[in-house]
Protein chains: 2
Amino acid sequence: MSLQLYVLRINEGREPSPFVWRARLALRHKGLDYERVPIGYGEKDRLGPSGQGLVPVLVDAGRWIHDSWAIACHLEDAWPDRPSLFGGEAGRGAALFVNRWADVEMLGALRLLLWPPTWDHIPIADQPYFKADRETKASMTLDAMREDADGKIARFRRTMEPARQTIQRQRFLGGERPGYADFAVLGGFLWARSISELRLIERDDPLHRWRADVLASVGDFPLGEPGHAL
Amino acid sequence: MSLQLYVLRINEGREPSPFVWRARLALRHKGLDYERVPIGYGEKDRLGPSGQGLVPVLVDAGRWIHDSWAIACHLEDAWPDRPSLFGGEAGRGAALFVNRWADVEMLGALRLLLWPPTWDHIPIADQPYFKADRETKASMTLDAMREDADGKIARFRRTMEPARQTIQRQRFLGGERPGYADFAVLGGFLWARSISELRLIERDDPLHRWRADVLASVGDFPLGEPGHAL
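Not measured: the values here are computed from a predicted model. (Residues numbered from 1 in each chain as written. Chains lettered and ligands numbered in written order. Predicted model: local features only at pLDDT ≥ 70, side-chain atom pairs only at ≥ 80, totals over all residues. Heavy atoms only, no water.)

**Things to note about the relation of the copies chain A and chain B**
- By a simple turn and slide, chain A fits onto chain B: the slide is 0.0 Å along the axis, the RMSD is 0.0 Å, and the turn is 180 degrees. The operation mapping one copy onto its partner corresponds to a two-fold rotation axis. Within chain A, the C-alpha atom positioned nearest to the axis of rotation is that of Gly91 of chain A, 2.0 Å from it.
- A share of 100% of interface residues in chain A that are also interface residues in chain B marks the association as one of identical surfaces. (Least-squares fit on C-alpha atoms with pLDDT ≥ 70 in both. Contact = heavy atoms within 4.5 Å.)

Shown next as structure tokens:
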């Protein structure tokens, strides 16, 4: 086996990166086995050959690939005979838009909700770095982020409206088949599941049906334990 | 010729509906000729056979089709040998997401900016209806909407970030070829052009290059005169 996926190691096997979840879902969709390589927050020099310090990093037979979108494109191009992540070039092009929307809008709405409980679950030795980094990015303390969770959840639900309207007209975000557009969005939900008990969407939200369908499409995908009900 | 497109008639041939612009761009991309049928705000009963009262409505050999997305799908399915609007089923699926994002987020950010100057350009007889309808939808008077245009433009530019990031990695929103994802977004800009001199994006915004490329792809597309510089 030649594939390795570098991820961050936190407590109890939890997985706090929506970008790592995207890569794991893409690998699963392609039916590819790989070795998961957890590294600590203080061991990012181990990602050196990728030329940067962020997970996920995929190593394919000595080639280092970073950035979850680049990893998805590599998997699609290197295994064209496996189930497609994009359904062709136009599907790939428009999936990039969904991916960027998820980065900017969805994760933008989630980060103030999820950074505090992520901090709760990372190793004590890594907490000072995480706290300083995230508080700088948000211009706000972790304690301040914990306030008004209900308002933040309401904002998140409004942010999801383009996705909600899309899956009310078709089964998945990219049409009738599951693919990377779905995984790009599901990654945020799996981050939440891994470190919090927040109910981001209600059972009667059309996105609840969509989320179950995407998870079903990847079979008995390991969601990471412990984790909370979706 | 059997295609007719029902649109709203306002002053001087201006075209204030982003949804009509989408349909016009899609027809142009397909290379289809059609008759434009302008109706007044008070003549919506002429759309009766479509079962609703909103433009655009396409009539294709006696069949009435409403909703700009449905019109695009009809054109794609009825003229499969003409240049594709979606580039296949996965492209169509993901283009629906871009379309919904444009409806909710982009047009949501534009409407308070553009409803007042639209009102300035519609026939006097239609102004009371338009004013009452839009003020109810916005819970705000047209005069109040005119305030803080700079703040609204700044918000609009932030809203466009997922599109901006996408076309920094590929030429068009759906990949390397222009298509309906682009038209769904361009429609908002052409609405703005038709009734205002607002500079929605600066020349150094990457979206400026994208917009010129989309317009170039449809050749000497009639932008409607009078209209303002994009």
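Having seen the model, we can carry on.
**Brief notes about the domain arrangement of chain A**
Residues and elements named next belong to chain A.
- You can read the domains of chain A as domain 1 (3-78) and domain 2 (89-217).
- Once you take the C-alpha centre of each, domain 1 and domain 2 turn out to be 19 Å apart.
- With 23 residues of domain 1 in contact, the opposing surface of domain 2 contributes 25 residues.
- Buried area between domain 1 and domain 2, summed over both chains or domains, comes out near 2200 Å², and the portion from carbon and sulfur atoms is 62%.
- On the domain 1 side of the contact with domain 2, Arg22, Tyr41 and Trp69 bury the most area, a combined 35% of that side's loss.
- Inspection of the region where domain 1 meets domain 2 yields two salt bridges.
- Ionic pairing is found between Asp103 and Arg22, a salt bridge with its closest N-O pair at 2.8 Å.
- Viewed at the interface, domain 2 and domain 1 are joined by 10 residue pairs in polar contact (both at pLDDT 80 or more).
- When residues of the side of domain 1 that touches domain 2 are traced back to their parent elements, those giving at least two are α1 (18-29) and α2 (68-78).
- Ranked by residues supplied to the side of domain 1 that touches domain 2, first place goes to α1 with seven residues. (Domains from an automatic or database assignment. Buried area = accessible area lost by both parts, 1.4 Å probe. Salt bridge = Lys/Arg side-chain N within 4 Å of Asp/Glu carboxyl O. Polar contact = N/O pair within 3.5 Å; in protein donor to acceptor, adjacent residues only side chain to side chain. Helix = DSSP H or I, 4+ residues; strand = E, 2+ residues; numbered from the N terminus.)

**Points about the sheet that holds strand β4 (residues 63-66) of chain A**
All names here are of chain A.
- Taken in spatial order, the four strands of this open sheet run β2-β1-β3-β4, and their pairing is mixed. With partners counted over all chains shown, the strands left at the sheet margins are β2 (35-39) and β4, one partner each. Within the sheet, the average angular offset between the axes of one strand and its neighbour, ignoring direction, is 25 degrees.
- Pairing between strand β1 (residues 3-8) and β2: five bridges, direction parallel. Opposite Val7, over in β2, you have Pro38 as the bridge partner.
- Docked against the sheet, α1 engages β1, β2 and β3 (57-60), running at close to 155 degrees with respect to β1.
- Relative to β4, α2 is tilted by about 130 degrees, and along the sheet it contacts β3 and β4. (Pairing = 2+ DSSP bridges. Axes fitted to C-alpha atoms, helices over the stretch in contact; angles between N-to-C directions.)

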